[in-house]
8 protein chains.
Amino acid sequence: MKNFLLDTLNSVKLGNITPEEAAIKLRAMPFEDINFAKVDTHRKLRNGACEVIYGEGKSAEQISAIVKTLRDSGESGILITRLSKEKAEALSGITYYEDARIGISGERKAPDGIGKILVLTAGTSDISVAEEAAVTAEFLGNEVTRIYDVGVAGLHRLLSYLDDILSASVIVAVAGMEGALASVVGGLSDCPVIAVPTSVGYGASFEGMTALLSMMNSCSSGVSVVNIDNGFGAGYLASMINHMEGKK
Amino acid sequence: MKNFLLDTLNSVKLGNITPEEAAIKLRAMPFEDINFAKVDTHRKLRNGACEVIYGEGKSAEQISAIVKTLRDSGESGILITRLSKEKAEALSGITYYEDARIGISGERKAPDGIGKILVLTAGTSDISVAEEAAVTAEFLGNEVTRIYDVGVAGLHRLLSYLDDILSASVIVAVAGMEGALASVVGGLSDCPVIAVPTSVGYGASFEGMTALLSMMNSCSSGVSVVNIDNGFGAGYLASMINHMEGKK
Amino acid sequence: MKNFLLDTLNSVKLGNITPEEAAIKLRAMPFEDINFAKVDTHRKLRNGACEVIYGEGKSAEQISAIVKTLRDSGESGILITRLSKEKAEALSGITYYEDARIGISGERKAPDGIGKILVLTAGTSDISVAEEAAVTAEFLGNEVTRIYDVGVAGLHRLLSYLDDILSASVIVAVAGMEGALASVVGGLSDCPVIAVPTSVGYGASFEGMTALLSMMNSCSSGVSVVNIDNGFGAGYLASMINHMEGKK
Amino acid sequence: MKNFLLDTLNSVKLGNITPEEAAIKLRAMPFEDINFAKVDTHRKLRNGACEVIYGEGKSAEQISAIVKTLRDSGESGILITRLSKEKAEALSGITYYEDARIGISGERKAPDGIGKILVLTAGTSDISVAEEAAVTAEFLGNEVTRIYDVGVAGLHRLLSYLDDILSASVIVAVAGMEGALASVVGGLSDCPVIAVPTSVGYGASFEGMTALLSMMNSCSSGVSVVNIDNGFGAGYLASMINHMEGKK
Amino acid sequence: MKNFLLDTLNSVKLGNITPEEAAIKLRAMPFEDINFAKVDTHRKLRNGACEVIYGEGKSAEQISAIVKTLRDSGESGILITRLSKEKAEALSGITYYEDARIGISGERKAPDGIGKILVLTAGTSDISVAEEAAVTAEFLGNEVTRIYDVGVAGLHRLLSYLDDILSASVIVAVAGMEGALASVVGGLSDCPVIAVPTSVGYGASFEGMTALLSMMNSCSSGVSVVNIDNGFGAGYLASMINHMEGKK
Amino acid sequence: MKNFLLDTLNSVKLGNITPEEAAIKLRAMPFEDINFAKVDTHRKLRNGACEVIYGEGKSAEQISAIVKTLRDSGESGILITRLSKEKAEALSGITYYEDARIGISGERKAPDGIGKILVLTAGTSDISVAEEAAVTAEFLGNEVTRIYDVGVAGLHRLLSYLDDILSASVIVAVAGMEGALASVVGGLSDCPVIAVPTSVGYGASFEGMTALLSMMNSCSSGVSVVNIDNGFGAGYLASMINHMEGKK
Amino acid sequence: MKNFLLDTLNSVKLGNITPEEAAIKLRAMPFEDINFAKVDTHRKLRNGACEVIYGEGKSAEQISAIVKTLRDSGESGILITRLSKEKAEALSGITYYEDARIGISGERKAPDGIGKILVLTAGTSDISVAEEAAVTAEFLGNEVTRIYDVGVAGLHRLLSYLDDILSASVIVAVAGMEGALASVVGGLSDCPVIAVPTSVGYGASFEGMTALLSMMNSCSSGVSVVNIDNGFGAGYLASMINHMEGKK
Amino acid sequence: MKNFLLDTLNSVKLGNITPEEAAIKLRAMPFEDINFAKVDTHRKLRNGACEVIYGEGKSAEQISAIVKTLRDSGESGILITRLSKEKAEALSGITYYEDARIGISGERKAPDGIGKILVLTAGTSDISVAEEAAVTAEFLGNEVTRIYDVGVAGLHRLLSYLDDILSASVIVAVAGMEGALASVVGGLSDCPVIAVPTSVGYGASFEGMTALLSMMNSCSSGVSVVNIDNGFGAGYLASMINHMEGKK
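## Quick notes on the overall build of chain A
1) Next: Broken down by element type, chain A carries 11 helices and 11 strands.
2) Next: Approximately 8,400 Å² of chain A is accessible, and the part contributed by carbon and sulfur atoms is 50%.

If you want it as structure tokens, here you go:
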């Protein structure tokens, strides 16, 4: 069974636990209350991924406490996003990926996806967001190909990687400014394209809103969009798609 | 080989065709020019789907001409979206799905996807967009489960379908107003969720923009978003994901 | 009589004071002019609450002067919102609540409301705004239950507190990002829900505007919205509702 | 017990029903599926109000079918909002309030609230939205006072009703254009004020958005806001507040 | 001398006319006042183009009167934009271009520009705006190549016209939706690209605003943008650039 | 004494009326309640102008009733704005100005202002709004000069009226599109300039919002702005300024 | 003669100067070119006011140089706005008004306006902008009454100054948040009201945009609006109106 | 031949290179991969300009490495935009233009354009953006005339440069605030006008968006717009237009 909520409901039904125990279990078990955050120690069971900690706005001490709780509950892999270099240095047992601003506790899964995930960026300023997607996907057990700085203003660069585009399993297209990369790649490829608008640009780029709206209006089929600068979300979804399997 | 453009480039390289022939081929073959629209008769080969005609803004005569050209080139399945009832009645050899505003020429593929696609709506007014997604997915060879009017304001309705949510292969969540359905479903399920904002609502719903922004900010992992009212795009992408297979 | 303005009008009518005195009274009495701010020493009489000082943009000296004027006029309870730790340390006779950024002079009222006020947050980053609401409500004589980090992406967490939701007198739902918490809670409960959008988030959260619009579009009945990050306003209104009594 | 969902969970716990029965009950009982809408026949039990039908976008036939289903399940009072005169005339057994665009099936509750609800409008064009609020509140068992066309541009009009403002239990302030009515009334009264922006105006009123933002920024305490033109939501919430009672 | 204003100033200086005559000349000569519009009969002299009439919002009678005034003053070529078919049929001596919604009185200039102007559209729905640009440019003495329906979602179509793109003197790129055509063409070509956003699209296309912002953010050099649907402005500017000549 | 509210307060003070009478007077006298609108029969006394009726959204019958009430109370001049030709024809005793969409009951005041009011428009499509301003100002006793179609794209037209600009007492500058007229005129003149943005334009004019923002940013001193298409407000304010007199 | 431009044109006409001299005069005389700014030494002649320097973005050295140039050309009064305390201290011969962030070189004119200018603010945070208006108006020869912190949430405060409101010649209403002060004051007074939105507020105040839109929609006649935080513009315009005189 | 992409395609066709060589050439030759940026060493060949480096967000080391790579490939002229003074000082062999924030490696081309490029600004704060345009154009071989601080609020300043306006080959009009300069200049001149909105201003200038929208709505023909603060883009396009030549 994959879902803790359903498990508990079924256990009540089956009489394996008394209602009183179930009530306690429902309220207490799925997470340890460590005051400032409810750490979800069963999330992996529920939706097939490790725990992820959003590092921004949390102190190194808070992150450290959450990591400890998760490790104590047996969690082997923990991903910390939006983690500054300063905080990373204050944590022990963490591998830090500076470009991606990601810290990882534990081992990454061996690649076991359907195919390769291709991460593209339009410019060099988009690389940080792209790395967040790439490192996330690698941690979740995917082989990742990175091709950066292939914006549509220099189409020959992008086209020189046509083989990679055509053989990818899932593509993550990261772009700021006018975000045209998603539409062009969506038209070339025949796999799902996850578009990530970035806050790169100036003037009428409106910190990513122009790229977001542009990607949303892509006339290419197979393109969907995540939030501005949300590299993690793109990497996570790409991994999810790259691990599709029969469920019947 | 999957891609006409690459095929041609390789043929030139291999000397199978002269440069002059290649130039003619590149310009003339991939589509028949019927004046007002370049019909792409090789699109199926290139990205694994049939041809799709966007019906809005085209007259019945124009649609009819495009359909004929496609059929003559051997295309067996044609999907016409945003097709009004009036225009549908003026076309011959078309099966019309009124709720979805879709006309289909040819047969739908037998379901051969990984699992079931689940299409959910928050309210009854979202059904037209949902049907566009569902009929598109069915046509492309997917089994589709429809559960409508299960918005988060009545959570028990949604939760009563937990089995369907947990066993789906891909979920399309269609909602207007505040678009909260996507986040709630994204948190419950462990499969990709494609969120479709709809222009349903009034006042500060801004014809779908509030739902779009809300879905974009979903704190649930695995959620991505397509354009407002873009049921076709969601159904197409859902089918693409539901047909993932190894490429290595 | 509750209202100073009406009192004065009636006194003129009843001849208790001469028109000249009334004019002086109207202009001079309801507040002491201390140059940079008109301190409203009769506000408590007029609308049943103590004086509240908005601390942002005022120096510690200015706040201190206002507090002194209020105390001299007999005001026993004073609430200072948006008060930084630095300024709080410069003030004497103030109890400081750091998370809430609130300073209080005087004693909080004993709880005498109809029931309990429940303050919920979607994430840990929303806690500061929630504390502003909670401390305000407590100061005004309410029993407050705090449940934090129960966003809709992990529905089982929220549902494990169903008892608290169902037994609350008023609920304050604090959330940033897509703000879906308000809709879900509004559908579960049968008491007034005051939604507080927060500026938490990034990208297309637009510093709270997405959450505000989302909450405004809630399809759940009984939900109303206050300004972004306005924890004080939510706590004040919640207290007002929790102290409803017959007036006939 | 107030909540159907909780009831069922408890029944499973208590062993009153088998898990299989519970599953059926959870999915089937709370609403009758009449194809295009899931009619929620237990909503009254769950949150203390009758069923409400949003009439816009539904045909007279659809509305009629939903009303019949509700009546058959024993529902005595049904409110239909956004009901055009044409559809109302096509329904039987409905009392129609043209200004409010509301149809009512069954009897209104006798007034049993704490006090009077005061509904104010800034102009004559806001009356339709105000009537939606007023009729809704009356139907739910409230005494309602209507004072229309008392915008702040003619302050003496508004002040001549100071008694009504001061003696109200809850105030619904309906205004378009700059929406200043909410702030002024919020400053005068000491009861909850529900602000309803309307789409009345032209030019930079942006169909209610200016009034919405203005009300949201009200510097008066005790003011909260519902969606543009959402008279029903305001009336419903006003009734909820006017029926507050002890729960301890 | 090119400029009427400067001419008059110089004439005063040179003493060719008395100040009184100059005052009359300045006020009376450059246009005939025909009550509802000041027809500028000297505009051609001033900036090298014929008179253009914006047809929208003017009745056929008004347009007819303006045309007569212009012809009487010796104007041989008159362009009427945004002219509906109905109004065109009510005018005499006008050649009407239905797709472009342009009426022309008089003869078009023989092509005498530097090279060819290339007008591209992303889709078939953009053709009307593109025709407005093309017909305008032709009227002003340019050879125009039209290539329509070559959006970036099908890159091979666009690339098959690489010769035309590389040999153009000026390019007008017309696109709605995400407007990516301008960036891609700007990257391929080495001539000025005038981007015209169109109001084609739905949902988050916001009637051309997304395309406008996208084009404005183009990372390709040599791209500038005109107003949404402003085919005339693009055609006029393209002609101006295509007629550049030495002035030293 | 100019103000009814102050009058009444003073009368109470002076004992001329009993408090009870004052209460009745305050509530009843300043307006006649004719059900759907509170007609303000004392507005002229209070702020020096006749009564103005906003005709949009009111039926001919409603307007007729309001006019009758005002006439019965002795009002000699009544201005009805946004009055369609159809409604105007249904009213008796009204002089109708079609371009201005204004109906007038009673006589216009003889001009008695300080100087002339100059009303300028950028284009011919702005004339309707300009006429609303001009007719309003004439009715209120001002001499008005109209100069239309003098937008900044043809600066010599505007400059040929420099005498009128320099000798005006107040200028009303009416413009849509980019609204540059206000800045240019503000720089040329040394009198107050009231800028009126109009909803004329297309594409990125956003129905007047671009002109409004542009005028708001005018770098010329002495420029202020009223709502989009608010010709009445501009004419009224211009008259107010043109009738300034010593009050000391 | 008031206008330099017109003077020169007339001089040419009258033969007082040769065209060559006129050309030199036109280009050289009205301003001294001091490299980074064209100091307009004749502006006072042209539109009746002293020179104003916008201090933001200019260094103390640059300001000093401009002031010197103006003084050398005989300018007796110079106003420097947006001047930080640091820069002010680096300038000699300047009187600095810290609240208003204004520096003045030379003497203020003796008050010679029609009546008093009343400057109101809604809150204490609006005082800086209000002082910019007040000091500007005083410098230009006006008597100014300041009444601060009289927002509409405490209506009795505002009403206690009714005499000042009714006797003002021009009113400047400065407010952030919802900006309701302008509408209320506009309804009470019968003189021109210049509304100044301020960037005070948080959340949905959008740095003054909500106040701007709200004031723009004021339903009170006689209200016009200047840019956000533009105290100078309001003070300048108020002075212009307060110095109206007959020109016939 | 001008285009590397086309060259390669033709070489394959002509058999000058084997397909394998072509593939390598296509992927490897057009740029040197130096890890963080793909330096495009053939861009000059492709579109007639030197390489441009966008300095913002790149470290001095990264810029230095790119410059070296370009020089090594034989590039004689390199333009670095958005280069801070600090970084410029860390680079060797660079001429730095502080106002323009541009660094140049190599020599500027001798002017060989059709005529002069005129760069205008409305105010002194726009000079930095204008210098970016001017220095770019000079580097690319154009004679540039600079006229700054000639905004439309002081029209006589602008008109005193009428000769320069009328004799320019291309005009770059740089303005913030309301951006009216573009329309006025567009109306006066008969050459292409490139409008550059700047982020100069405050309040409702929205960091350049108001100027951008205003310029976009210019009613003058021949005006097109580039991104906010995009001086480089304007200078580059101006040079492109100023170097137009016959291609037939």
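## What to know about the packing of aromatic side chains
1) Next: Applying the stated criterion across every chain yields a total of 16 aromatic pairs over all chains.
2) Next: When the centroid spacing of 5.7 Å and the interplanar angle of 50° are considered together, the rings of F:Phe232 and F:Tyr236 count as tilted. Taken together, the positions of F:Phe232 and F:Tyr236, both in helix 11 (residues 231–242) and 4 residues apart, correspond to about one turn of that helix.
3) Next: Judged by its relative accessible area of 12%, F:Phe232 is buried.
4) Next: Here F:Tyr236 falls in the buried class, since its relative accessible area comes to 8%.
5) Next: Centre to centre, the rings of G:Tyr54 and H:Tyr202 are 6.3 Å apart; their planes meet at 20°, and the pair counts as stacked.

## Comments concerning the sheet that holds strand 5 (residues 95–97) of chain F
Residue and element names in this part refer to chain F.
1) Next: Reading across from one edge, 3-4-6-5 is the order of the 4 strands in this open sheet, with mixed pairing throughout. If you trace the sheet from one side to the other, it starts and ends with strand 3 (51–54) and strand 5, each paired once. Neighbouring strand axes in the sheet, compared pairwise and without regard to direction, differ in orientation by 20° on average.
2) Next: Here strand 3 runs beside strand 4 (residues 78–81); their pairing, made up of 4 bridges, is parallel. Among the inter-strand pairings, Ile53 is bridged to a residue of strand 4, identified as Ile80.
3) Next: Helix 6 (residues 127–139) rests against strand 4, strand 5 and strand 6 (102–105) of the sheet, and its axis sits at about 10° to strand 6.

## Quick word on the sheet that holds strand 6 (residues 102–105) of chain G
For sheets, the rule is that strands pair by backbone hydrogen bonds, running either parallel or antiparallel.
Residues and elements named next belong to chain G.
1) Next: Overall, mixed pairing links the 4 strands, which are arranged 3-4-6-5 in an open sheet. Only two strands of the sheet have a single partner each, and these edge strands are strand 3 (51–54) and strand 5 (95–97). The sheet shows a mean angle of 20° between the axes of neighbouring strands, direction not considered.
2) Next: Here 3 bridges tie strand 5 to strand 6, and the two strands are oriented antiparallel to one another. Bridging from a neighbouring strand, Thr95 pairs with Ile104 of strand 6.
3) Next: Helix-sheet contacts for helix 4 (residues 60–72) involve strand 3, strand 4 (78–81) and strand 6, and the interaxial angle to strand 4 is about 160°.

## Description of the packing of helix 10 (residues 209–216) of chain D against helix 10 (residues 209–216) of chain G
1) Next: Contact geometry for helix 10 of chain D and helix 10 of chain G: axes closest at 9 Å, N-to-C directions at 125°. In terms of their interaxial angle, helix 10 of chain D and helix 10 of chain G are classed as oblique. Every pair of crossing elements has a handedness; the one defined by helix 10 of chain D and helix 10 of chain G is left-handed. Contacts between helix 10 of chain D and helix 10 of chain G involve D:Thr210, D:Leu213 and D:Ser214 on the former and, on the latter, G:Thr210, G:Leu213 and G:Ser214.
2) Next: Its residues assigned to classes, the contact of helix 10 of chain D with helix 10 of chain G shows 2 nonpolar, 4 polar and no charged.

## Some details on the pairing of strand 8 (residues 143–147) of chain D
Regular strands place side chains that alternate from one sheet face to the opposite one.
All names here are of chain D.
1) Next: Two elements, strand 7 (residues 116–121) and strand 8, share 5 bridges in a ladder whose sense is parallel. Directly across from Val119, in strand 8, lies its bridge partner Arg146.
2) Next: Taken together, strand 7, helix 6 (residues 127–139) and strand 8 form a β-α-β motif whose crossover is right-handed.

## Remarks on the pattern of salt bridges
1) Next: Inspection of the entire model under this criterion finds 55 salt bridges over all chains.
2) Next: The salt bridge involving D:Lys68 is made with D:Asp72; its shortest N-O contact spans 2.7 Å. With a gap of 4 residues between them, D:Lys68 and D:Asp72 both fall in helix 4 (residues 60–72), about one helical turn apart.
3) Next: Here G:Arg157 and G:Asp149 are joined by a salt bridge, their closest N and O atoms 3.5 Å apart. Taken individually, G:Arg157 and G:Asp149 each receive the classification buried, so the pair is uniform in this respect.
4) Next: Among the charged side chains, a salt-bridge network with shared partners connects A:Glu131, A:Glu138 and A:Arg146.

## A closer look at the domain arrangement of chain A
All names here are of chain A.
1) Next: According to the domain assignment, chain A consists of domain 1 (14–106) and domain 2 (116–246).
2) Next: In this complex, domain 1 contributes 15 residues to the contact, which on the side of domain 2 involves 11 residues.
3) Next: Roughly 1,100 Å² is buried in total at the junction of domain 1 and domain 2, and carbon and sulfur atoms are behind 70% of that figure.
4) Next: The largest share of the area that domain 1 buries against domain 2 comes from Arg82, Asp99 and Ala100, three residues that together contribute 34% of it.
5) Next: Connecting domain 1 to domain 2 are 1 salt bridge.
6) Next: At the junction of domain 1 and domain 2, the tally comes to 3 residue pairs in polar contact (both at pLDDT 80 or more).

## Overview of helix 9 (residues 181–188) of chain C
1) Next: Burial analysis of helix 9 of chain C places 8 of its 8 residues in the buried class, the great majority of the element.
2) Next: Considered for burial, the residues of helix 9 of chain C that qualify are C:Leu181, C:Ala182, C:Ser183, C:Val184, C:Val185, C:Gly186, C:Gly187 and C:Leu188.

## Comments concerning the side chain of A:Thr69
1) Next: Looking at where A:Thr69 falls in the secondary structure, it is placed in helix 4 (residues 60–72).
2) Next: A polar contact is formed between the side chain of A:Thr69 and the backbone oxygen of A:Ala65, at a distance of 2.9 Å.

## Side note on the confidence of the model for chain A
Residues and elements named next belong to chain A.
1) Next: Overall, the prediction assigns chain A a mean pLDDT of 81, with 79% of residues at 70 or greater.
2) Next: Every residue in residues 1–5 is under pLDDT 50, and counting partners more than four places away or in other chains gives 17 contacts.
3) Next: Two summary scores accompany this predicted model of the complex, namely pTM at 0.84 and ipTM at 0.81.

## Topic: unusual backbone geometry
1) Next: Residue B:Glu207 is not a glycine yet carries a positive backbone phi of 50°.
2) Next: Within the secondary structure, B:Glu207 sits in the loop between strand 10 (193–197) and helix 10 (209–216).
3) Next: The exposure class of B:Glu207 is exposed, given its relative accessible area of 62%.
4) Next: Of note, C:Asp229 is a non-glycine position whose phi angle comes to about 65°, a positive value.
5) Next: With respect to the element layout, C:Asp229 can be found in the loop between strand 11 (223–225) and helix 11 (231–242).

## Comments concerning the environment of F:Ser125
1) Next: Relative to the assigned elements, F:Ser125 resides in the loop between strand 7 (116–121) and helix 6.
2) Next: Residues F:Ser125 and F:Gly113, spaced 12 residues apart in sequence, show a C-alpha to C-alpha distance of 29 Å.

## Here's the deal with the environment of E:Asp126
Residue and element names in this part refer to chain E.
1) Next: Among the structural elements, Asp126 can be located in the loop between strand 7 (116–121) and helix 6 (127–139).
2) Next: With 48 residues separating them in the primary sequence, Asp126 and Val174 have C-alpha atoms 6.5 Å apart.
3) Next: Filtering out sequence-adjacent residues up to four positions away, Asp126 remains in contact with Thr121, Val174, Ala175, Gly176, Thr198 and Val200.
4) Next: Within polar-contact distance, the side chain of Asp126 engages the backbone nitrogen of Gly123 at 3.0 Å.

## Describing the environment of C:Glu178
1) Next: Within the secondary structure, C:Glu178 is located in the loop between strand 9 (170–175) and helix 9.
2) Next: With a relative accessible area of 3%, C:Glu178 lands in the buried category.
3) Next: Along the backbone, C:Glu178 and C:Thr210 are 32 residues apart, and their C-alpha atoms lie at a distance of 6.2 Å.
4) Next: Here C:Glu178 is in contact with B:Ser183, B:Ser214, B:Asn217, B:Ser218, B:Cys219, C:Val152, C:Ala211 and C:Ser214, once residues within four sequence places are set aside.

Conventions we followed
Residues numbered from 1 in each chain as written. Chains lettered and ligands numbered in written order. Predicted model: local features only at pLDDT ≥ 70, side-chain atom pairs only at ≥ 80, totals over all residues. Heavy atoms only, no water. Helix = DSSP H or I, 4+ residues; strand = E, 2+ residues; numbered from the N terminus. Areas by Shrake-Rupley, 256 points an atom, 1.4 Å probe, with all protein chains shown as cover. Phe/Tyr/Trp six-rings, centres within 6.5 Å; stacked < 30°, edge-to-face > 60°. Buried < 20%, exposed > 50% of the residue type's maximum accessible area, 1.4 Å probe, protein only. Pairing = 2+ DSSP bridges. Axes fitted to C-alpha atoms, helices over the stretch in contact; angles between N-to-C directions. Contact = heavy atoms within 4.5 Å. Parallel < 35°, antiparallel > 145°, perpendicular 65-115°, else oblique. Left-handed = near helix turned anticlockwise from the far one by under 90°. Nonpolar A, V, L, I, M, F, W, Y, C, P; charged D, E, K, R; others polar. Right-handed = clockwise from strand over helix to strand, strands pointing away. Salt bridge = Lys/Arg side-chain N within 4 Å of Asp/Glu carboxyl O. Domains from an automatic or database assignment. Buried area = accessible area lost by both parts, 1.4 Å probe. Polar contact = N/O pair within 3.5 Å; in protein donor to acceptor, adjacent residues only side chain to side chain. pLDDT = per-residue confidence, 0-100.

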